[in-house]
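# Structural overview for review
The primary structure of each chain is shown beneath.
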Amino acid sequence: MARTRVRISSLLALSAALALTAACGNTPSPQDAKSEGGTQPQAKKPVVVVTTTWEGAFAKAAGAEDVKVIVPQSVHHAPDYDPKPSDLAAVAKADFVLYAPFEPYAAKIKEAAGSKAKLVEVNLDNDPDKVKAEVDKLGALFGTADAATKWKTGFETEYAKLNKEVQAAWPGGKSPSVVTQVFTAWSAKLAGATPVGTYGPEAVTPAQLAELAAKKPELVLDNAHMSTGTVLPDSGAKQVKIVNYPGEDLDLLPVYRNAAAELKKAMGAS
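Scope of this entry: the structure provided in the associated data block. (Residues numbered from 1 in each chain as written. Predicted model: local features only at pLDDT ≥ 70, side-chain atom pairs only at ≥ 80, totals over all residues. Heavy atoms only, no water.)

## Looking at the nonpolar core
Heads up, the rule is: For our purposes a nonpolar core is just a set of buried Ala, Val, Leu, Ile, Met, Phe, Trp, Tyr and Cys residues, chained together by side-chain atoms within 4.5 Å. Any residue under 20% of the maximum accessible area for its type is buried, any over 50% is exposed, and the rest in between are partly exposed; the area is computed with a 1.4 Å probe on protein chains only. Contact definition: two residues touch when any of their heavy atoms are within 4.5 Å.
Counting 60 residues, the largest nonpolar core has Leu98, Phe142 and Tyr256 as the members making the most contacts within it. Leave out the neighbours within four places in its chain, and Tyr256 touches Asn126, Val131, Phe155, Tyr159, Leu162, Trp186 and Leu190. By size, the runner-up hydrophobic cluster in this structure holds seven residues, among which are Tyr199, Leu212, Val231 and Leu232.

## Topic: the environment of Trp186
Threshold: We count a stretch as a helix when DSSP gives it H or I for four or more residues in a row; a strand needs E for two or more, and each element gets its number in order from the N terminus.
Looking at the secondary structure, you find Trp186 in helix H8 (residues 185–190). Sequence-distant contacts of Trp186, defined by excluding residues within four places in its chain, comprise Asp125, Asn126, Asp127, Ile242, Val243, Asn244, Val255, Tyr256 and Ala259.

## Things to note about the packing of aromatic side chains
This is how the line gets drawn: Ring pairs are drawn from Phe, Tyr and Trp, using the six-membered ring of Trp, whenever the two centres fall within 6.5 Å, and their geometry is named by plane angle: stacked under 30 degrees, edge-to-face over 60, tilted for the rest.
Counted by the stated rule, this structure contains eight aromatic pairs. Centre to centre, the rings of Trp151 and Phe155 are 4.9 Å apart; their planes meet at 10°, and the pair counts as stacked. Of the two residues, Trp151 and Phe155 both sit in helix H7 (residues 145–168), four residues apart, roughly one turn of that helix. Grouping residues by exposure puts Trp151 and Phe155 together as buried. On the basis of an interplanar angle of 65° and a centroid distance of 5.3 Å, the ring pair of Phe155 and Tyr256 is categorised as edge-to-face. Here Phe155 is found in helix H7, whereas its partner Tyr256 is found in helix H10 (residues 253–266), with 101 residues between them in sequence. No difference in accessibility class separates Phe155 from Tyr256, as the two residues are buried. Of the aromatic side chains, those joined through ring pairs into one cluster are Trp151, Phe155, Tyr159, Trp186 and Tyr256.

Now the structure itself:
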């Protein structure tokens with residue numbers, strides 16, 4: 001009987017040891033947990049504060065998801081906006097603050113930026129090459145380079161399509177002669193046209209008026225956000241309103257689609 005008890009005790013001890021070993025073997029190590037992806041903390045998405053929807057669209061194209069815009073899209077001339085205390089408070093909590101140097105409130109934005117915020121000066125120009133360069137730069141800063149590359153691929157496809165459509169609308173198959181406001185020269189490029197003259201951002205002087213009219217442009221590509229009215233009255237040139245700023249959805253592509261539609265309309269295409 002004593003031997004039987006000893007045998008049973010030994011078997012119970014062996015079973016317990018095996019169970020403990022199996023349990024230990026099935027428990028993932030911290031390294032294993034990370035490799036499975038279930039318990040590894042997600043990378044924190046950067047908080048990006050931008051002055052206008054223009055910078056916001058660049059940030060979104062570069063892969064940013066948490067983007068706060070200071071100047072409401074309803075403000076027709078963004079540089080006239082005076083940031084509110086709540087705007088400046090948002091700036092202080094940002095990881096990145098995007099602004100353009102020509103914006104009068106840039107100094108206030110810089111002063112309000114918190115110690116952790118990285119101030120990023122953005123080259124606001126819808127020229128396709130400059131847009132792609134800015135998106136690349138921001139994607140590298142945000143850690144979202146893959147998203148930026150994906151957006152650029154889609155952008156290049158859409159831009160090429162629009163460029164082809166606008167050129168197909170050239171009157172008589174010939175590139176139109178255009179004069180552009182300095183901040184809308186990108187739309188002349190979209191039309192496949194080389195500007196014969198530029199004006200702005202200041203109002204056109206009588207001397208400039210005479211000089212530009214002498215170029216006999218067919219189109220005047222005006223900046224909708226800084227328009228001073230008809231630029232070349234009595235010249236016979238059609239004035240086209242070009243919008244630079246994206247909407248509240250921070251999608252840059254509609255800016256090009258709208259410009260293409262206005263250009264085709266001005267050239268007589270439906």
